[in-house]
Amino acid sequence: MKVTIVGAGNVGATCADAIAYRRIASEIVLVDIREGFAEGKALDITQTQTTLGFNTKVVGSTNDYAKTAGSDVVVITSGIPRKPGMTREELIGINAGIVKSVAENLLQNSPNAIFVIVSNPMDTMTYLTYKSLGLPKNRIIGMGGTLDSSRFKTYLSLALDKPANDIQGMVIGGHGDTTMIPLTRLASYNGVPVSQFLSEDELTKVAADTMVGGATLTGLLGTSAWYAPGASVAYLVDAILNDQHKMIPCSVYLEGEYGQSDICIGVPCIIGKNGIEKIVDINLNEAEKALFAKSADAVRNMNNDLKSHLA
Ligand SMILES: NC(=O)C1=CN([C@@H]2O[C@H](COP(=O)(O)OP(=O)(O)OC[C@H]3O[C@@H](n4cnc5c(N)ncnc54)[C@H](O)[C@@H]3O)[C@@H](O)[C@H]2O)C=CC1
Ligand SMILES: O=C([O-])CC(=O)C(=O)O
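Description of the structure in this document.

What counts and what doesn't
Residues numbered from 1 in each chain as written. Chains lettered and ligands numbered in written order. Predicted model: local features only at pLDDT ≥ 70, side-chain atom pairs only at ≥ 80, totals over all residues. Heavy atoms only, no water. Near = heavy atom within 4 Å. Polar contact = N/O pair within 3.5 Å; in protein donor to acceptor, adjacent residues only side chain to side chain. Areas by Shrake-Rupley, 256 points an atom, 1.4 Å probe, with all protein chains shown as cover. Helix = DSSP H or I, 4+ residues; strand = E, 2+ residues; numbered from the N terminus. Nonpolar A, V, L, I, M, F, W, Y, C, P; charged D, E, K, R; others polar. Domains from an automatic or database assignment. Buried < 20%, exposed > 50% of the residue type's maximum accessible area, 1.4 Å probe, protein only. Arc of directions from axis to C-beta. Contact = heavy atoms within 4.5 Å.

### Notes on the site of ligand 1
Inspection of the region around ligand 1 gives 27 residues, with Val11, Asp32, Ile80, Asn120 and Met143 positioned closest. Between a nitrogen atom of ligand 1 and a main-chain N or O atom of Ile33, the distance comes to 3.4 Å. Bound to the protein, ligand 1 loses 90% of the 860 Å² it would expose on its own. If you list the elements that add at least two residues to the shell around ligand 1, you get α1 (10-21) and α4 (92-109). With three residues, the single largest contributor to the shell around ligand 1 is α4. Classifying every residue of the shell around ligand 1 by side-chain character gives 15 nonpolar, 10 polar and two charged. When we break the shell around ligand 1 down by domain, the ones giving at least three residues each are domain 1 (2-143) and domain 2 (145-309).

Set out below in structure tokens:
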């Protein structure tokens, strides 16, 4: 199976590294606009083959989309990341043009690919890709919920002082500092609701830390994170290529689900070889429904800023 990743920067290269190391694909193509950069990253990753023990072919390309032809999954990480103090939404002006042209180039060369959108503001870029390419909605997946849920489980594990892999939990809603909805009511420690171990105040803090998880790292690093984002993309690509039918919160085009239409926003999805196999409509309580409606309003407002890019 062939995977193309556009943007060989922090997230794209980390994702390529994780996909290679996990032996998920037979070929990975890394594309970047910077002359020689993707080739350099691909060669560096290739030189870990014998020490890490994988045989995936890793190819780099400076904007030559012919090399991406026939990809099964394409991942878009091209664009700029935020700096400390910025929101993801502030990236829309530069990233919309980049994502749209990259998506069109990818589709021309891989007409059957599943698209995974990572560039921020991710829900808006997913909507832009969906509207620009005219593909069925199951083939356009925004990655944010995988990462936000992994941060949620990390903060829960720290609060509980228990292993992260013993914890289940999901974040739905927009992939923004104020639009994420960590579902604390449904989170569990090996099936036992976390509310049996953590106080209301502790759960509120876990949710707040999760929501600003990306901003916290941006403050510490001076640019946004890449290890957890790259690993999250690899996890999603694995679920697609290996038809795993895992339930993963992803940004997807809604047509009435969760009471929303004509936006891409994070909801639980079954992920398999066709991309979004199914949207899972879980029962939210009234407070969660209100949070989802508010998150959707904010995500919808951002889509209005896209009008000039959709022409
Ligand atoms: N959805 C999510 O959960 C996450 C999203 N992100 C977003 O992913 C994007 C990438 O972040 P980083 O990798 O940290 O940035 P980076 O700056 O390290 O890498 C971006 C790469 O894109 C390349 N690029 C720019 N325009 C291009 C074009 N037209 N064609 C091909 N390549 C192009 C740049 O040369 C650069 O190498 C940002 O928008 C960031 O906000 C980052 C982390 C998580
Ligand atoms: O925080 C950012 O800007 C990058 C991102 O989406 C994340 O790490 O969640």
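### Here we look at helix α8 (residues 213-221)
By the burial criterion, the buried members of α8 are Gly213, Gly214 and Thr218. Down the axis of α8, the buried side of the element spans an arc of 135°, and every buried residue falls inside it. Residues of α8 that are exposed and angled more than 90 degrees away from the buried face: Gly219 and Leu220. At its buried positions, α8 is contacted by α6 (145-160) and α7 (200-211).

So far we have only geometry, and geometry alone does not tell us how the molecule works.
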